[in-house]
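Examination of the molecular architecture
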Amino acid sequence: MERFRAYQVVEEDGNATGRMTEVGLDDLNPGDVTLRVTHSSINYKDALAATGKGRIMRRFPLVAGIDVAGEVLESSDARFDAGDQVFATGYGLGEEFDGGFCERARVSADWLVPLPAGLTLHDAMAIGTAGFTAALAVQRMEDNGLRPGNGPVAVSGASGGLGSIAVDILAGLGYEVTGITGKTSAHDFLRDLGATTILDRTTLDMGKRPLERSQWAGAVDPVGGDMLPWLTRSANRHASIASCGLAGGHEFSLTVMPFILRGVNILGVDSVAWPMNKRRALWARLTSDMRPRQLSQITRTIPFADLPTAFDAFMDGTVTGRTVVQIAESP
Ligand code: NDP
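About the thresholds
Residues numbered from 1 in each chain as written. Predicted model: local features only at pLDDT ≥ 70, side-chain atom pairs only at ≥ 80, totals over all residues. Heavy atoms only, no water. Helix = DSSP H or I, 4+ residues; strand = E, 2+ residues; numbered from the N terminus. Rg over C-alpha atoms; globule rule 2.2 N^0.38 Å. Buried < 20%, exposed > 50% of the residue type's maximum accessible area, 1.4 Å probe, protein only. Pairing = 2+ DSSP bridges. Axes fitted to C-alpha atoms, helices over the stretch in contact; angles between N-to-C directions. Contact = heavy atoms within 4.5 Å. Phe/Tyr/Trp six-rings, centres within 6.5 Å; stacked < 30°, edge-to-face > 60°. Lys NZ or Arg CZ within 6 Å of the ring centre and 35° of its normal. Parallel < 35°, antiparallel > 145°, perpendicular 65-115°, else oblique. Nonpolar A, V, L, I, M, F, W, Y, C, P; charged D, E, K, R; others polar. Patch = residues over 30% accessible without salt bridge, like charges linked within 9 Å, V, L, I, M, F, W, Y side chains within 5 Å. Areas by Shrake-Rupley, 256 points an atom, 1.4 Å probe, with all protein chains shown as cover. Salt bridge = Lys/Arg side-chain N within 4 Å of Asp/Glu carboxyl O.

A few words on the overall build of the chain. In terms of regular secondary structure, the chain is built from 9 helices and 16 strands. Scaling as 2.2 N^0.38, a compact globule of 331 residues should have a C-alpha radius of gyration of about 20 Å, and the chain matches this with 20 Å. Based on the C-alpha atoms only, the size of the chain along its principal axes is roughly 65 × 45 × 35 Å. Counting across all 331 residues of the chain, residues that qualify as buried make up 56%.

This is the structure:
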């Protein structure tokens, strides 16, 4: 039987650990569509899974990779035909189901997005879960009244995957963007993406009061920890804060004051299970008004063979932008 390169997470002595291996098609979970995978990407969650620093995998062994893109080889679902270019993000890929770090994937047709006109498979994975989540955060804030004239919008973890795409999208939509980053080396990068103000996370005075000086009409927060409470305590009246991640911690401590005295909204952002009809509509925006303008500057591409050595930098918080994994040649 034909064998395919895969990056699998196994459990050894109670610890999850990743390794390059080979699998046959029947080693992968069943699915009504079989893909020849050309690209995947690295998200923070993949690094948690691969290094065993987060309990991400629901079973072992499992192919990691929460994003997958490629062409259809075989489909028993009438919506897809051999040769179609498609991708999927979330839906439990690389958590519950074998994911994108493999030369083949078997997936449910219900998870697949046909490649929108104007995007390549590489572009789709350069955006990937992190970029899609950035777009979802912006849309959630807009749905709650955010408009470019309302005031500055903060983006924390701004040099990371989610953060850098959020800066790019917001600036492209005409927002005044403040990037908050721990990397001095990323200031020029963030200005190039359209941030007009940069704050250094390591020297921020967050204060301790239930309400601090109001300064944000909105915020995209992939960091959590102390960042989310501070952004909320320093938000303007009726501002929206999109809570997207936990790179700086998952606990959350706050008084009710921002909610009852300033009417601040904290919006949850869950990209994994976002419904397909809304998902496709948001991908359409990612090819039009929300299209990241600096995607090639944000993205680096690594060969599949380099994947095992790429995860530690995500855990250290030293990665800038997005990382696409080239699994095979594009069609
Ligand atoms: P990246 O690793 O690309 O970026 C994370 C960034 O956060 C870092 O580059 C750094 O940016 C900052 N950071 C890292 N460590 C710390 C720390 N200890 N304290 C404060 N800031 C830190 O990750 P992604 O962009 O892929 O994901 C970011 C977060 O969003 C993760 O928690 C991820 O799980 C979550 N996420 C959630 C999704 C959802 O559906 N809700 C979907 C996708 C991601 P800088 O140096 O600029 O401060």
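Picking up where we left off.
Attention now goes to the sheet that holds strand S10 (residues 177-181). Across the sheet, which stays open at both edges, the 6 strands sit in the order S11-S10-S9-S12-S13-S14 with parallel pairing between neighbours. Sheet topology places strand S11 (195-200) and strand S14 (265-268) at the edges, where each strand pairs with a single neighbour. Across this sheet, the average inter-strand angle for adjacent strands is 20 degrees, counted without regard to direction. Note that S10 and S11 share 5 bridges and pair parallel. Along S11, the bridge assignment pairs Thr181 with Asp200. Of the strands in this sheet, strand S9 (153-155), strand S12 (216-221), strand S13 (235-243) and S14 are in contact with helix H2 (residues 121-143), which crosses S12 at around 150 degrees. Helix-sheet contacts for helix H3 (residues 161-172) involve S9, S10, S11 and S12, and the interaxial angle to S9 is about 155 degrees.

Two measures describe an aromatic ring pair: the distance that separates the ring centres and the angle between the ring planes. According to the stated counting rule, one finds 8 aromatic pairs in the structure shown. When the ring of Phe87 is compared with that of Trp283, the centres are 4.5 Å apart and the planes differ by 65 degrees; the resulting orientation is edge-to-face. Of this pair, Phe87 sits in strand S6 (residues 85-89) while Trp283 sits in helix H7 (residues 276-286), and the two are 196 residues apart along the sequence. The class for Phe87 is buried, based on a relative accessible area of 0%. When the centroid spacing of 6.3 Å and the interplanar angle of 50 degrees are considered together, the rings of Phe101 and Phe311 count as tilted. Residue Phe101 is located in the loop between S6 and strand S7 (104-107), and its partner Phe311 is located in the loop between strand S15 (299-303) and helix H9 (312-316); the two are separated by 210 residues in the primary sequence. Feature note: the residues Tyr7, Phe101 and Phe311 constitute an aromatic cluster, connected by ring pairs. A cation sits over an aromatic face here: Lys278 above Trp274, 5.1 Å from the ring centre.

Looking now at the environment of Val37. Of note, Val37 is situated in strand S3 (residues 33-42). Assessed through its relative accessible area of 0%, Val37 is described here as buried. Beyond its immediate stretch of four places on either side in the chain, Val37 contacts Val68, Ala69, Gly70, Gly100, Cys102, Glu103, Arg104, Ala105, Ile327 and Ala328.

Time to look at the packing of H2 against H7. At a closest axis distance of 10 Å, the pairing of H2 and H7 adopts a crossing angle of 105 degrees. The angle between H2 and H7 falls in the class roughly perpendicular. Here H2 contributes Ala124, Ile127, Gly128, Phe132, Ala135, Leu136, Gln139 and Glu142 to the contact with H7, which in turn contributes Arg279, Leu282, Trp283, Arg285 and Leu286. The residue makeup of the contact of H2 with H7, split by class, is 8 nonpolar, 2 polar and 3 charged.

What follows deals with a nonpolar patch on the surface. Nonpolar side chains collect at one region of the surface, where Val256, Met257, Phe259, Ile260 and Leu261 lie side by side and expose about 450 Å² of accessible area between them. Among the secondary structure elements, Val256 is positioned in the loop between S13 and helix H6 (257-262).

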